[in-house]
Amino acid sequence: MSSANIGAQVATNVLLFLLVMGMASTVDIRMLRQQLRNFKAISIGLLCQFFLLPFFGYLITVAFQLPVPVGVTLIIVVSSPGGSYSNWWCALFNADLGLSVSMTTASTVLSIGFLPMNLFIYTYAAYNSQEGDSGTSVIQSINFGVIFISIAVVIGAIGTGVCCSYKFDTPRWHKISYIGGNMSGIALILLSTALSFIGGTDGSQPTPDETLTATRPTDYVAIALPCLIGLVVATLISTLLQFSKPERLTTAVECCYQNTGIATSAALSLFSGNDLQLAMRVPTIYGFVEAISIGVYLLLFWKLGWSKAPKDEKICTIIAKTYEVQNHNEDSDKDNDEGQEEVGSNVGNEDEELAAESSFEMELSEQKQSVDAEEPIERLSG
């Protein structure tokens, strides 16, 4: 691997760390604790992430008869854990960010086992023992070390961000983290896009013209389909299970928004020459499709009232402002108000009971006085 590729991977991992750390630092630690106990939502998210989406990717690979570089890289993409941008999108459009970070954490940790398992099962099922450029089988050519490094970066960033959110639990820190995470996310998008078009110094990577013409039209459709199918299926499942509306948005985003950086690193170590040209197109195309489709999806459902942000608010306001901590405070205030109303109601009921007892005692006293006054009269008449 050339020094330019090594430098690109280091820069990508640094920006990835800053992005995930920034988004994790934005989460209200109280909401995160609550969502970590939301086993139902997390379990459904993991089901969609590690079982449904890889299976859809395999079916599409076989149905479209994708060539080895495209098909293997697509299987790596759909088998990867939730992408770092999923937290960014949930923060940007005010879905349930606490649940998003919880799902990303769970999927990233579990991907240590699920990613190699899905990659082995579906790659072998689709291509059996076909050989890669190195002359060995496709499975043997995959550099799992590079994959595990990216997973470790995400786990470390989430842990650091959560600790910072607990240590510096102030509105100012949440705002700084939110802005820093967004800036890192934008920088990572620009860097990933540039890397997909700029060739290496050895000439083995494609030129911009070759990049645009190398992939078959049907391959573009095949690469885009898993993301679109995942959005629809995850929304339907979470709706049938009666998740809250922000939780439905988060579940759908976490299902289909993948960590394409893992697939990029794997493609660099697995393929070369024209095959690398084809393989590098997969994470780039999938990344553009997931960004556009999820952006449109979140924008549409925000206007339908599924987001934590008010649907009649200006879009610039909801993008620049986080409602994560605010909603938690509003819920707490609401609970306190309900508690005060309940206490007031109990006090009122006690006052009414005391008044009724007092009235009853007064009636008994009057009756007793009336009986005492009638007794002397009866004696005199007798």
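Cut-off values and rules
Residues numbered from 1 in each chain as written. Predicted model: local features only at pLDDT ≥ 70, side-chain atom pairs only at ≥ 80, totals over all residues. Heavy atoms only, no water. Helix = DSSP H or I, 4+ residues; strand = E, 2+ residues; numbered from the N terminus. Buried < 20%, exposed > 50% of the residue type's maximum accessible area, 1.4 Å probe, protein only. Contact = heavy atoms within 4.5 Å. Patch = residues over 30% accessible without salt bridge, like charges linked within 9 Å, V, L, I, M, F, W, Y side chains within 5 Å. Areas by Shrake-Rupley, 256 points an atom, 1.4 Å probe, with all protein chains shown as cover. Salt bridge = Lys/Arg side-chain N within 4 Å of Asp/Glu carboxyl O. Expected span 1.5 Å × (residues − 1). Bend = angle between axes of the 7 residues up to and from the residue. Core = buried A, V, L, I, M, F, W, Y, C linked by side-chain atoms within 4.5 Å. pLDDT = per-residue confidence, 0-100. Disulfide = S-S within 2.5 Å. Axes fitted to C-alpha atoms, helices over the stretch in contact; angles between N-to-C directions. Parallel < 35°, antiparallel > 145°, perpendicular 65-115°, else oblique. Left-handed = near helix turned anticlockwise from the far one by under 90°. Nonpolar A, V, L, I, M, F, W, Y, C, P; charged D, E, K, R; others polar. Polar contact = N/O pair within 3.5 Å; in protein donor to acceptor, adjacent residues only side chain to side chain.

**Quick notes on the overall build of the protein**
Each helix and strand counted, the protein has 16 helices and 0 strands in total. Burial status across the protein gives 47% buried among its 382 residues. Within the protein, residue pairs in contact and separated by at least 24 positions form 82% of the contacts whose partners lie at least 6 positions apart.

**Thoughts on a nonpolar patch on the surface**
Where nonpolar side chains cluster on the molecular surface, the patch consists of Ile 6, Val 10, Val 14 and Leu 18 and spans about 320 Å² of accessible area. Note that Val 10 resides in helix 1 (residues 3-26).

**Some points on the side chain of Ser 111**
The residue Ser 111 is located in helix 6 (residues 97-127) in this model. Not counting residues within four places of it along the chain, the set of residues in contact with Ser 111 comprises Phe 50, Pro 81, Pro 116 and Ile 151.

**Quick look at the environment of Thr 170**
Within the fold, Thr 170 resides in the loop between helix 8 (144-167) and helix 9 (171-197). In sequence terms Thr 170 and Thr 26 are 144 residues apart; their C-alpha atoms lie 9.9 Å from each other.

**A few points about helix 3 (residues 39-63)**
In this model, helix 3 (25 residues) spans 35 Å end to end at C-alpha, consistent with the 36 Å of a helix rising 1.5 Å per residue. At Cys 48, helix 3 shows its largest kink, close to 35 degrees.

**Concerning the nonpolar core**
If you look at the biggest cluster of nonpolar residues, it comprises 85 residues, and the most contacted ones within it are Trp 89, Ile 294 and Leu 298. For this core, the element with the highest residue contribution is helix 14 (residues 273-303), accounting for 13 residues. Once residues within four sequence positions are removed from consideration, Trp 89 is found in contact with Tyr 257, Ala 291, Ile 294, Gly 295 and Leu 298.

**Considering helix 12 (residues 245-256)**
An ideal rise of 1.5 Å per residue puts 16 Å on 12 residues; helix 12 measures up with 18 Å between its terminal C-alpha atoms. Counted residue by residue, helix 12 has 11 buried out of 12 residues, so it is predominantly covered. Taken together, the buried positions of helix 12 are occupied by Pro 246, Glu 247, Arg 248, Leu 249, Thr 250, Thr 251, Ala 252, Val 253, Glu 254, Cys 255 and Cys 256.

**Looking at the confidence of the model for the protein**
Considering every residue of the protein, the mean pLDDT works out to 75; 70% of them sit at 70 or more. Of all secondary-structure elements in the protein, the lowest mean pLDDT belongs to helix 10 (residues 208-214), at 51, while helix 11 (residues 217-240) reaches the highest, 92. Here residues 327-336 is a poorly scored stretch, pLDDT under 50, and it has 5 contacts once near neighbours within four places are set aside; other chains count. When the criterion is pLDDT under 50, residues 377-382 qualifies, and its contacts beyond four places in sequence or with other chains add up to 0 contacts.

**Digging into the state of the cysteines**
Counted by the stated rule, this structure contains 0 disulfides. This cysteine, Cys 48, is not joined by any disulfide, and Cys 255 carries the nearest cysteine sulfur, 4.4 Å off.

**Description of the packing of helix 6 against helix 8**
Packed helices, taken two at a time, are described by the angle between their axes plus the distance between the axes. Look at helix 6 against helix 8: their axes get within 9 Å of each other, and the N-to-C directions meet at 165 degrees. Classified by the interaxial angle, the pair formed by helix 6 and helix 8 is roughly antiparallel. In terms of crossing hand, the pair formed by helix 6 and helix 8 is left-handed. Along the contact surface, helix 6 presents Val 101, Thr 104, Thr 105, Thr 108, Val 109, Ser 111, Ile 112, Leu 115, Pro 116 and Leu 119, while helix 8 presents Phe 144, Ile 147, Phe 148, Ile 151, Val 154, Ile 155 and Ile 158. Looking at the contact of helix 6 with helix 8, its residues break down into 13 nonpolar, 4 polar and no charged.

**Here's the deal with the packing of helix 11 against helix 12**
It is the contact of helix 11 with helix 12, at a shortest axis distance of 8 Å, that shows an interaxial angle of 145 degrees. In this structure, the crossing between helix 11 and helix 12 has a hand that is right-handed. Across the interface between the two elements, Cys 227, Gly 230, Leu 231, Ala 234, Thr 235, Ser 238 and Thr 239 from helix 11 touch Arg 248, Thr 251, Ala 252, Cys 255 and Cys 256 from helix 12.

**Re the side chain of Ser 100**
Of note, Ser 100 is situated in helix 6. For Ser 100, a relative accessible area of 0% translates into the label buried. Side chain to side chain, Ser 100 and Glu 254 meet in a polar contact 2.6 Å long. In this structure Ser 100 touches Ser 86, Asn 87, Cys 90, Thr 250 and Glu 254, once residues within four positions along its chain are discounted.

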